[in-house]
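# Structural description and commentary
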Number of protein chains: 2
Amino acid sequence: MRLSRYFLPTLRENPAEAQIVSHRLMLRAGLVRQSAAGIYSWLPLGLKVLRNIERIVREEQNRAGAIELLMPTIQSADLWRESGRYDAYGKEMLRITDRHEREMLYGPTNEELITAIVRDSIKSYRDLPRNLYHIQWKFRDEVRPRFGVMRGREFLMKDAYSFDIDKAGARKAYEKMFVAYLRTYARLGLKAIPMAADTGPIGGDMSHEFIILAETGESAVFCHGDLVDYDILGQEIDFEGDLGPIIERWTGLYAATDEKHDEARFEADVPAEKRIAARGIEVGHIFYFGTKYSKPMGAVVAGPNGEPVDLEMGSYGIGVSRLIGAIIEASHDDNGIIWPESVAPFKVALINLKSGDATVDAACDKLYAQLEAAGIETLYDDTAERAGSKFATADLIGLPWQVHVGPRGLANGIVEVKNRKTGERREVAIDQVAAALG
Amino acid sequence: MRLSRYFLPTLRENPAEAQIVSHRLMLRAGLVRQSAAGIYSWLPLGLKVLRNIERIVREEQNRAGAIELLMPTIQSADLWRESGRYDAYGKEMLRITDRHEREMLYGPTNEELITAIVRDSIKSYRDLPRNLYHIQWKFRDEVRPRFGVMRGREFLMKDAYSFDIDKAGARKAYEKMFVAYLRTYARLGLKAIPMAADTGPIGGDMSHEFIILAETGESAVFCHGDLVDYDILGQEIDFEGDLGPIIERWTGLYAATDEKHDEARFEADVPAEKRIAARGIEVGHIFYFGTKYSKPMGAVVAGPNGEPVDLEMGSYGIGVSRLIGAIIEASHDDNGIIWPESVAPFKVALINLKSGDATVDAACDKLYAQLEAAGIETLYDDTAERAGSKFATADLIGLPWQVHVGPRGLANGIVEVKNRKTGERREVAIDQVAAALG
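So, how was this worked out
Residues numbered from 1 in each chain as written. Chains lettered and ligands numbered in written order. Predicted model: local features only at pLDDT ≥ 70, side-chain atom pairs only at ≥ 80, totals over all residues. Heavy atoms only, no water. Buried < 20%, exposed > 50% of the residue type's maximum accessible area, 1.4 Å probe, protein only. Helix = DSSP H or I, 4+ residues; strand = E, 2+ residues; numbered from the N terminus. Arc of directions from axis to C-beta. Contact = heavy atoms within 4.5 Å. Phe/Tyr/Trp six-rings, centres within 6.5 Å; stacked < 30°, edge-to-face > 60°. Pairing = 2+ DSSP bridges. Axes fitted to C-alpha atoms, helices over the stretch in contact; angles between N-to-C directions. Buried area = accessible area lost by both parts, 1.4 Å probe. Salt bridge = Lys/Arg side-chain N within 4 Å of Asp/Glu carboxyl O. Polar contact = N/O pair within 3.5 Å; in protein donor to acceptor, adjacent residues only side chain to side chain. Right-handed = clockwise from strand over helix to strand, strands pointing away. pLDDT = per-residue confidence, 0-100.

### Brief notes about helix α7 (residues 244-251) of chain A
All names here are of chain A. By the burial criterion, the buried members of α7 are G244, I246, I247 and W250. Buried residues of α7 fall within an arc of 165 degrees about the axis and therefore sit on the same side. Looking at the buried residues of α7, the elements they touch are α6 (167-187) and β9 (192-196).

Structure, rendered in structure tokens:
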């Protein structure tokens, strides 16, 4: 993409309303623009990151056997009366009355709707297990929206719902999502630690939050330091096989959020030098809640002997839009964002150091065509800005690689390639750049 | 995908509430499920079609130089007061009050919001032209939702907005979208005819609707028969070049919707045997409306001499979710849907005619693996249903190709390949199937 034809409204100044670094950088780098309190428009660069995150989340859900569908944003209040949550949910639920005075709501979550769909469609244990998910905008009417997309009102969430004939099946479904989540965060370049958690308004018996350690996290968390070094991506995982050993490894060490924290146990179980007491950002939450929704809503199937069985359920959420904030909190420096390659909006910033110079323009145009032909997504800064300003923009928006093309290097057939994360620069022959970055 | 692990709740009976064939088939084939009046959940098969349509729409927008972003569903009422439309829009707008008693609304369209974004970001004619689009859920509170997704309340729309410094630029932007729309519908397997149209509540000076001819169309349309045979896909198109000849060809023959129809001109301009008076489904609408929003909202840039210039604008909508209904109206038979390959949820239905027979199961499993390895998306019916029931389901859901694998053919290393559209069947050696369908 040529920057001269793109829409990338960056800001030079730090916006006064932004209290945390990810919010500041998202506004300055032209990723989002606030359109109302806690409600954001995703500008082209931000949307590309959002779609990349969404794709990774989707791939890992599919890998674990979950099936994607899409439920609407607007739901009927009557459905929520069946579970008893319409009155219980409180003011975070955006309640709406349509032109016929029917009570509706903007879904903050989808347990009721998915349970109704499954109730009407699945009649036999033979059609189980199933795990159905969607990636859809939700609305929670936060009393005080802040921190940008980290605590917005309209936000993108992946929510999956598992349906099983018995508790053993439900546990297996829970374990699959547990492992899928570990893989998802790792692919996003994040160190997410599963922690025992309260179940909150979703309700249920077994629950983990996935937490990123960050100074600006909203809650205090406590864990064993070894968890930070655990890695999941090296492993071949058979989701139909026994996931027990992986679960045990990741839950065997102390890790708890504030609500579940037990200081005495923490001190007893974790050597002093391994104790981490920090702040954390919740980027996912998984629940097992048995028949909490299936029983009141009549989601019953015929069991092996024809007997009616209430479905065993769990739900599994990832805050997709919030993850962008979390990734920036975890990966930035004084100059701007540092995107992990897996989610970067473009891989390369191609910088023309002397736009208007025929030789440099021609070399840049040719290199741009080569990079695109090689499938390397490139943002080509072909604008008339000064070189210093282009460097600052490239650092701010945080693409993994920069290629600096100027007259002096070109005289020797050379360009400079800079790694945004390490700052390392090296000279590369211009006809080798595509191969070097491919 | 193995059908035994998928979520495809088909219906045997025609649902009583469905008045038109696309609505009936979408419910029966398990594409959607109604969750409230005019509000649908997209089941896995329907979502795959929706995403395929969305991808084609996106590719053609990008090809024409439009840039994707994403605006939120919920907007502030104040923004709509700036243009004067908050009071004017009427009951189709879903109005919402949040917990702080602020007036909000679920966006039925986005002229105001995009104008505000551009107003805050683009300050000079040098940053023009720009065409910004998004693909987002909209809500229009239809008084009587019907015909399934064809006239739903929550629907997916692609809406693009062009910004230019002068009328000549705006016309060029309009022409690009005109041609992009022709390409989009052609790739979807649809014959869409551009027709002069009223501008309705969006307002403006120049406007075309893109209309699919179908018996169940909501409005009467009149056109020259040659337009039905026009083709756009064979042409190489340079969107930066002169699009005039293409526009003239497609607008040179008579074509008008009811509101703009002039019977006398129709009879004078079109020979009797070429006159088509039919019913049509609107699948797109493009508008040029000049400074209708930029002027009241103060979207002004500095022109070449520093003088303030009101932005010239147009907007360009495609009803993405409605297109699924339109495609089915245009492409079905008594047995079910016939998907064009470009949007089919899977390319192949692999049918095991004797599940449980070890030889047939093994041959199917192997063929399924080969098809998937070849990148051919396959829905593998490995269920215990009878062969007749499997055939009926495959015809109903309308995948372009069926592969029938049974014991008799396998004895000779042969399977039957059926084309859903033509009904043609031929015998293919089992090890040639992937190559034949690739």
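### Considering the packing of aromatic side chains
Residue and element names in this part refer to chain B. If you walk through the whole model with that rule in mind, you get 29 aromatic pairs over all chains. Relative to F139, the ring of Y106 has its centre 5.5 Å away and its plane inclined at 50 degrees; by these criteria the two rings are tilted. Of this pair, Y106 sits in strand β6 (residues 103-106) while F139 sits in strand β7 (residues 130-139), placing them 33 residues apart in sequence. For the residue pair Y106 and F139, the accessibility class agrees, reading buried in each case. Seen from their ring centres, Y254 and F266 are 5.0 Å apart, and the 40 degrees between their planes marks the pair as tilted. Residue Y254 is located in the loop between α7 (244-251) and β12 (255-257), and its partner F266 is located in helix α8 (residues 263-269); the two are separated by 12 residues in the primary sequence.

### Points about the sheet that holds strand β4 (residues 74-76) of chain B
All names here are of chain B. Reading across the sheet, the 3 strands line up as β4-β6-β5 and stay open at both edges, with antiparallel pairing between neighbours. The open sheet terminates on both sides in strands that have one partner only, identified here as β4 and β5 (94-97). The mean inter-strand angle of the sheet, taken between neighbouring strand axes irrespective of direction, is 35 degrees.

### Concerning the interface of chain A and chain B
The partner chain B presents 54 residues to the 54 residues of chain A that form the contact. Together, the buried faces of chain A and chain B total about 4,500 Å²; carbon and sulfur atoms form 60% of this surface. Three residues, F7(A), L70(A) and R99(A), lead the burial of chain A against chain B; their summed loss comes to 17% of the area buried on that side. Across the chain A-chain B interface, the total number found is 2 salt bridges. One salt bridge connects D98(A) with R153(B), and the closest N-O pair in it is separated by 2.9 Å. The tally of links from chain A across to chain B stands at 20 residue pairs in polar contact (both at pLDDT 80 or more). When residues in the side of chain A that touches chain B are grouped by element, the largest group, 5 residues, is from strand β7 (residues 130-139) of chain A.

### Quick notes on unusual backbone geometry
Residues and elements named next belong to chain A. With an omega dihedral of -5 degrees, the bond running from L128 to P129 counts as a cis peptide bond. By the element assignment, P129 lies in the loop between α5 (111-121) and β7. For F147, which is not glycine, the phi dihedral falls at a positive 60 degrees.

### Quick word on the pairing of strand β19 (residues 348-352) of chain A
All names here are of chain A. Judged by how many residues are buried, β19 sits mostly within the fold: 5 of 5 residues are covered. Neither face of β19 is left uncovered, since the one carrying V348, L350 and N352 and the one carrying A349 and I351 both have all their residues buried. Note that β19 and strand β20 (residues 378-381) share 4 bridges and pair parallel. Of the residues in β20, the one forming a bridge with V348 is T378. Each parallel crossover has a hand, and the one from β19 via helix α11 (residues 358-373) to β20 is right-handed. Bridging between β19 and strand β21 (residues 401-405) involves 5 bridges; their strand directions are parallel. Bridge pairing in β21 links L350 to V403.

### Re the confidence of the model for chain A
In the predicted model, chain A carries a mean pLDDT of 95, and the fraction of residues at 70 or more is 98%. On the interface metric, ipTM, the complex scores 0.96, and its pTM is 0.97.

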